[in-house]
Amino acid sequence: MSSPYFDFAQIYDECMDEIPYEGYTCFLKRIFDEYGVAADDLVLDLGCGTGTFTLLLRDLGYDMIGIDLSESMLETAREKYYESLDTEEANGAQQKHPVLFLQQDMRSFELYGTARAIVSLSDTVNYAANTEELTGILRLVNNYLDPGGIFIFDIKTLHYFRDVAADRTYTDVREDMALIWDNEFNETTKKNTYRLTMFLPEDEEGKTYVRAEEVHEQTAFTTQEVLAAITESGLKAEGIYEVDENGRCKEAGASAERLFFVCREQMKKAK
C-alpha cells in the first residue's frame, strides 16, 4: 500500500475535474482585491497539490510559491508549470513570474521571508490530526504573513463527513483508469478514513493495469473549533463563506459542505 498522494497523484486532476477551480479563483481574487493584495505580491499556496490553483493565481500576476508534502503531486505540478512556459514561449507571450515549488510539511513549513497572502484549499487543513495541530499550522501561517496579510483556507464540514460522505462508496470508471473510493466516518474521533483502490495503466497502450491502494485520513472540525484555533494562533477571522461554482459567496449556513475562512494577520505575531 502506497503513502497518500503517491499513486493517486497520477489521476488526481482527472478525478477532481468537478472542482470549480476557476470559480474559486475568482473568489480568491475578489478577497485579495478587497484587502489590498496586488499583482506582483507574493502568495503562498500551502498544500498546493498538482498546482492548479497555484498556476491560476500566477496567471493573474501574483508571485507564487507552492508547498506540498507529496513529491508525486509536486512532480505533476512542475510538469504543468513547464508546459505552461512552453505554451507562453510558443505564443510569444510575456513570461509571468516564475513559480517555486517546495516539498514541505504544512505542520513545519519554512519560508525565507513573509508573504502578502497565503491560501490553503481543497480541504488541505482537514488533514490536521486535531485542534492542537490545526492551531500550530495557523501559528506558522501567522508567522509567515506580512503585517496585515491575508490567509484564506477551506474545510469540509462536519455535516459533509457525517451526513453526506459517511460510510459511502464512490466509483469513477473511465477509459484509462478506475477508482473505488470508500469512506468511513468515526463519530467519536471525528475522523474520516478514505480507502482508495485504483486501477492504473501499466503501459502506454493501456493493455495492462496495476492495482494500487492508499489510505487517507481527515478530521472533521466544527466551525467553533476552527474559530478558536484562529484566535489562539494570533490571526483574526474576517469572514466565513460558502462559495458556489461561479465564485459567488454567501454567509455560511448549517447545510454547507465546504466553508471558506478569511483571516488576517493583526500586526502582532503570536508567540
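Shown above is the structure to which this text applies.
As the structure is a computational prediction, the values presented were derived from the model and not from experiment.

## Section: the packing of aromatic side chains
Within the structure shown, the criterion is met by 15 aromatic pairs. Judged by centre distance (5.2 Å) and plane angle (80°), the rings of Phe32 and Tyr62 are edge-to-face. One end of the pair, Phe32, is in helix H2 (residues 21–34); the other, Tyr62, is in the loop between helix H3 (52–59) and strand E2 (63–68), and 30 residues separate them in sequence. Neither residue differs from the other here; Phe32 and Tyr62 are each classed as buried. Geometrically, the ring pair formed by Phe153 and Phe261 is stacked, given 5.1 Å between the ring centres and 5° between the ring planes. On the criterion of sequence distance, the pair formed by Phe153 in strand E5 (residues 145–156) and Phe261 in strand E12 (residues 258–265) is long-range, its members being 108 residues apart. The exposure class assigned to Phe153 is buried, which follows from its relative accessible area of 0%. Here Phe261 falls in the buried class, since its relative accessible area comes to 0%. These aromatic residues form a ring-pair network of at least three members: Phe8, Tyr12, Trp181 and Tyr194.

## Some details on the pattern of salt bridges
On inspection of all chains with the given rule, the structure shows 17 salt bridges. Two residues, Asp154 and Arg258, come together in a salt bridge whose shortest N-O distance is 3.1 Å. Here the residue Asp154 occupies a position in strand E5, and Arg258 occupies one in strand E12, the gap between them amounting to 104 residues. Residue Asp163 is joined to Arg162 by a salt bridge in which the shortest nitrogen-to-oxygen separation is 3.6 Å. Classification of Arg162 as partly exposed rests on a relative accessible area of 36%. Sharing partners across several salt bridges, the network here consists of Asp123, Asp154, Lys156 and Arg258.

The rules behind the values
- Residues numbered from 1 in each chain as written.
- Predicted model: local features only at pLDDT ≥ 70, side-chain atom pairs only at ≥ 80, totals over all residues.
- Heavy atoms only, no water.
- Phe/Tyr/Trp six-rings, centres within 6.5 Å; stacked < 30°, edge-to-face > 60°.
- Helix = DSSP H or I, 4+ residues; strand = E, 2+ residues; numbered from the N terminus.
- Buried < 20%, exposed > 50% of the residue type's maximum accessible area, 1.4 Å probe, protein only.
- Salt bridge = Lys/Arg side-chain N within 4 Å of Asp/Glu carboxyl O.

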